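Inside the fold
Residue-level listing of the chains:
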Amino acid sequence: INLLREFNAPERLITHAVLVCEGAIELLGIFKNYGIEIDERLIEIGAALHDVGKINFTNELDETGSKHELGGKKILLDLGIESRIANFCVTHGKWDDPKRNLEDLIVTLADKLWIGKRVLELEEKIIRSISEKSGQEYWQLLSELDSHFESIASSGHDRLLRSII
């Protein structure tokens, strides 16, 4: 968040980053219950910086677009930030690539749920990954996690109101 401020990011972008971080932290709290290894700090940083490219592509604050993805990755790499962090700028928009890891998917899910949007295919990928890593049955996880995802998404309206500046 401080890095965004150093770049004079629009306040809306900073608020968005904070709200996505809140969603990511809430998801991490849920996923801890399943005894799987997740790089929590990486997810928090990825959630904060995934849209850094919108500093240079401010039109994408209001319009659909993907120029900010590669632009953000370039900004971070030029600063010497590790590629695994810079990659969140791209992976949050291209989450359906089979090479995406669980951390990528969690940042993407937080970016969707913060505003109340459910993306079932994304959620299913996360549930399958957790099932494989934890040895727990997919259908049991689906039932449990679906209610958690809905709970986070149902607060989207309140978060959206907090994001209006």
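Please refer to the structure higher up on the page.
Everything in this summary refers to the structure shown in the same document. (Residues numbered from 1 in each chain as written. Predicted model: local features only at pLDDT ≥ 70, side-chain atom pairs only at ≥ 80, totals over all residues. Heavy atoms only, no water.)

With that out of the way, let us pick up unusual backbone geometry. Backbone geometry places Asn8, a non-glycine residue, at a positive phi of 55°. Relative to the helices and strands, Asn8 resides in the loop between helix H1 (2-6) and helix H2 (11-31). Asn8 gets classed as exposed once you look at its relative accessible area, which sits at 67%. (Helix = DSSP H or I, 4+ residues; strand = E, 2+ residues; numbered from the N terminus. Buried < 20%, exposed > 50% of the residue type's maximum accessible area, 1.4 Å probe, protein only.)

Here we come to the side chain of His50. With respect to the helices and strands, the residue His50 is situated in the loop between helix H3 (40-49) and helix H4 (67-78). Looking at His50, its side chain comes within polar contact range of the side chain of His16, at 3.2 Å. Separated by 3.2 Å, the side chains of His50 and Asp111 make a polar contact. Apart from residues lying up to four places away in sequence, His50 is in contact with His16, Val20, His68, Phe88, Cys89, His92, Val107 and Asp111. (Polar contact = N/O pair within 3.5 Å; in protein donor to acceptor, adjacent residues only side chain to side chain. Contact = heavy atoms within 4.5 Å.)

Time to look at the packing of aromatic side chains. Counted according to the given criterion, the structure contains two aromatic pairs. Measuring from centroid to centroid gives 6.4 Å for Phe31 and Phe149, while their planes differ by 80°, and the two rings are edge-to-face. Here the residue Phe31 occupies a position in helix H2, and Phe149 occupies one in helix H9 (residues 138-154), the gap between them amounting to 118 residues. A single burial state applies to Phe31 and to Phe149, both of which are buried. Summarising the aromatic geometry, the rings of Tyr138 and Trp139 are spaced 5.0 Å apart at their centres and angled 85° between planes, so their arrangement reads as edge-to-face. The ring of Tyr138 has Arg128 lying over it, and the distance from NZ or CZ to the ring centre is 4.1 Å. (Phe/Tyr/Trp six-rings, centres within 6.5 Å; stacked < 30°, edge-to-face > 60°. Lys NZ or Arg CZ within 6 Å of the ring centre and 35° of its normal.)

Summed over all chains, the structure comprises twelve salt bridges. With its nearest N and O atoms 2.6 Å apart, the salt bridge here joins Arg12 to Asp62. Placement of Arg12 in helix H2 and of Asp62 in the loop between H3 and H4 is noted, with a sequence separation of 50 residues between them. Residue classification places Arg12 among the partly exposed positions, given a relative accessible area of 33%. A relative accessible area of 61% means that Asp62 is categorised as exposed. One salt bridge in this structure joins Arg84 and Asp39, with 3.3 Å as the shortest N-O distance. Of this pair, Arg84 sits in helix H5 (residues 83-86) while Asp39 sits in the loop between H2 and H3, placing them 45 residues apart in sequence. Shared partners join several salt bridges into a network, and the residues in it are Arg118, Glu123, Asp146 and Glu150. (Salt bridge = Lys/Arg side-chain N within 4 Å of Asp/Glu carboxyl O.)

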